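A structural walkthrough
Letter by letter, the chains look like this.
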Amino acid sequence: MSTSLPKAGPAPKVGIVSLGCPKALVDSERILTRLRAEGYEISPSYAGADAVIVNTCGFLDSAKKESLDAIGEALKENGRVIVTGCMGGDADAIRAAHPGVLAVTGPHQYEAVVGAVHEAVPPVHDPFVDLVPPEGLRLTPRHYAYLKISEGCNNRCSFCIIPGLRGDLVSRPVSSVLREAERLAVAGVKELLVISQDTSAYGVDLKYAEGDWYGRKVRARFADLCRELAEFDVWVRLHYVYPYPHVDEVIGLMAEGRILPYLDIPFQHASPTVLKAMRRPAAQDKTLDRLQRWRRECPPLALRSTFIVGFPGETEEEFQVLLDWLKEAQLDRVGCFKYEPVEGAAANALPGAVPEEVKQERWERFMETQKAISAARLKEKVGYTLGVLIDEVDEDGAIGRSYADAPEIDGSVFLNGETGVKPGDLVDVVIENSDEYDLWGSIERVE
């Protein structure tokens, strides 16, 4: 009688198309990690996959169109498609456009997605092979990773349907977040990008419950979490932070050099009238005072934000308030969107729709104003030495980012001719030149 173990058949392969924001990317990574642990291989192409998952975005109509186009492409190229993500909450619309999809699930419904994959492509399990590294599978480069600390949102902004798609705020237990951060740091990740819908509200739903971390208690609270993340000796970058008073505590950690002096704050507008229509905090004068106080306490602080122009009812005077506020705030990095109605958003019922040509004209004026601010602030960095995390290297040199630059959305530091580094290296760079959005420099050499 043979005592050899039966050989497992060929591992099924699954491809994935991940659309939308970094929070959706984290969802995709969790799905892939689970599937890889069950013996699935990840296919980089449609042709090599037994089925394809499309993780959709459903925030704007343009994003929905992109999602439907991606589903259509996956069906054409592969034919076996499972849909998940934010647009998955509107299964009828997806099936009306693409009746051939195998399954549709909503956002962060990990079990349902994996179940749909099992149905389409049954797993071949080999318990003798360790298929997943401790930090899980990721879709970002090896040297940085997104750390999602909560799902959903308690805010009810009139232009947003995220609470309807993802529900109210649900914070992860603090020990779970810290364990994931530790695994990533041990695996060699150099930068953790902390994300959620409302990062500074972390722990509110848990009533700041304590978690056990190596024999001591840590509160599920924004400032406490940041203090613990600072212990991992990696860059910690904070996104989607509202300027609540308790954020003041975190500025102290930045001033001490323990976490990156960088805050991504979604202001959206500055006119009290528009902010009220958006159902957002409207005390922008107090916000300016807070920003100035933060910069006094932590002079290197880099601030990024996003804004919406052409919101229903926005007058020329209110738009000018926004431009004046922008000049006063002197934000380092800024993105701007032309208002776009979203199906199901309360803002759709507001009067005073702004014509498209006016939206475009205001967007252009906004971007010109911010371009001048950005160019001036970057010029101030010339002659200084900055720590730079290398992202790419080729025969012409390297491209990296400073503490003031988040991947994908902010600027870059170009190191022409510097080919002796590799992605993930952290080097000191003397800044030699700048333009409206980027910096150029050389690695500092010690004689």
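Here's a quick rundown of the structure. Keep in mind it's a predicted model, so treat the numbers as computed, not measured. (Residues numbered from 1 in each chain as written. Predicted model: local features only at pLDDT ≥ 70, side-chain atom pairs only at ≥ 80, totals over all residues. Heavy atoms only, no water.)

As a further point, take the pattern of salt bridges. Counted according to the given criterion, the structure contains 30 salt bridges. When the shortest N-O distance is used, the salt bridge between glutamate 151 and arginine 30 registers 4.0 Å. In this pair, glutamate 151 sits in strand β7 (residues 150-151) while arginine 30 sits in helix α1 (residues 22-37), placing the two residues 121 residues apart along the sequence. The partner of glutamate 256 in a salt bridge is arginine 258, and the shortest N-O contact between them spans 3.8 Å. Given the relative accessible area of 55%, glutamate 256 is considered exposed. (Salt bridge = Lys/Arg side-chain N within 4 Å of Asp/Glu carboxyl O. Helix = DSSP H or I, 4+ residues; strand = E, 2+ residues; numbered from the N terminus. Buried < 20%, exposed > 50% of the residue type's maximum accessible area, 1.4 Å probe, protein only.)

Attention shifts here to the nonpolar core. Counting residues in hydrophobic clusters, the biggest one holds 56 residues, and the most contacted among them are Leu238, Leu263, Leu331 and Phe366. Tallying contributions element by element places helix α11 (residues 316-329) first for this core, with 6 residues. In contact with phenylalanine 366, other than residues within four places in its own chain, are Phe307, Val309, Phe319, Leu322, Leu323, Leu326, Val334 and Cys336. (Core = buried A, V, L, I, M, F, W, Y, C linked by side-chain atoms within 4.5 Å. Contact = heavy atoms within 4.5 Å.)

What follows concerns the packing of aromatic side chains. As enumerated under the stated definition, the model contains 11 aromatic pairs in all. On the basis of an interplanar angle of 10° and a centroid distance of 5.8 Å, the ring pair of tyrosine 242 and tyrosine 244 is categorised as stacked. The buried category is assigned to tyrosine 242, whose relative accessible area is 9%. Given the relative accessible area of 24%, tyrosine 244 is considered partly exposed. With a centroid separation of 5.1 Å and an interplanar angle of 75°, the aromatic rings of phenylalanine 311 and tyrosine 339 are classed as edge-to-face. Remark: tyrosine 339 occurs in the loop between β15 (333-338) and α12 (356-379) and phenylalanine 311 occurs in the loop between β14 (302-309) and α11; sequence separation between them is 28 residues. For the residue pair phenylalanine 311 and tyrosine 339, the accessibility class agrees, reading buried in each case. (Phe/Tyr/Trp six-rings, centres within 6.5 Å; stacked < 30°, edge-to-face > 60°.)

Turning next to the packing of α1 against helix α4 (residues 110-120). Contact geometry for α1 and α4: axes closest at 10 Å, N-to-C directions at 50°. One finds that α1 runs oblique with respect to α4. Crossing handedness for the pair α1 and α4: right-handed. Of α4, the residues touching α1 (which contributes Asp27, Arg30, Ile31, Arg34 and Leu35) are Tyr110, Glu111, Val113, Val114 and Val117. Tallied by class, residues from the contact of α1 with α4 come to 6 nonpolar, no polar and 4 charged. (Axes fitted to C-alpha atoms, helices over the stretch in contact; angles between N-to-C directions. Parallel < 35°, antiparallel > 145°, perpendicular 65-115°, else oblique. Left-handed = near helix turned anticlockwise from the far one by under 90°. Nonpolar A, V, L, I, M, F, W, Y, C, P; charged D, E, K, R; others polar.)

It is worth spelling out the packing of α11 against α12 at this point. Relative orientation of the contacting elements α11 and α12 amounts to 15°, with a least axis distance of 10 Å. One element, α11, and the other, α12, form an angle in the roughly parallel class. As for how α11 packs across α12, the hand of that crossing is right-handed. Here Glu316, Phe319, Gln320, Leu322, Leu323, Leu326 and Lys327 of α11 lie close against α12, whose contacting residues are Arg362, Arg365, Phe366, Thr369, Gln370 and Ile373.

Another aspect to go through is α12. Its 24 residues give α12 an end-to-end C-alpha distance of 34 Å, which sits within 8% of 34 Å, the value for a rise of 1.5 Å per residue. Three or more residues of α12 are buried, namely Lys359, Arg362, Phe366, Met367, Thr369, Gln370, Ile373, Ser374, Arg377 and Leu378. (Expected span 1.5 Å × (residues − 1).)

Another point: the sheet that holds strand β16 (residues 385-394). Ordered in space as β16-β17-β18-β20-β19, the 5 strands form a closed barrel in which the pairing is mixed. Along the sheet, successive strands turn relative to each other by an average axial angle of 50°, direction set aside. Note: strand β17 (residues 397-401) against strand β18 (residues 413-416), 4 bridges, orientation antiparallel. The residue of β18 that forms the bridge with alanine 398 is leucine 415. (Pairing = 2+ DSSP bridges.)

The subject of this paragraph is unusual backbone geometry. Phi is positive for aspartate 233, close to 60°, though the residue is something other than glycine. With respect to the helices and strands, aspartate 233 occurs in the loop between α7 (222-229) and β12 (235-238).

What follows covers the sheet that holds strand β5 (residues 103-104). Read from one edge of the open sheet, 5 strands run β2-β1-β3-β4-β5, paired in parallel fashion. Taken across any chain shown, the strands that pair with only one partner, and hence form the sheet edges, are β2 (41-42) and β5. Pairing between strand β1 (residues 13-18) and β2: 2 bridges, direction parallel. Looking at the pairing, lysine 13 lines up with glutamate 41 of β2. Contacts from α1 reach β1, β2, β3 (51-56) and β4 (81-85) within the one sheet, and its direction differs from that of β1 by about 175°. Along the sheet, α4 makes contact with β1, β3, β4 and β5, crossing β4 at roughly 180°.

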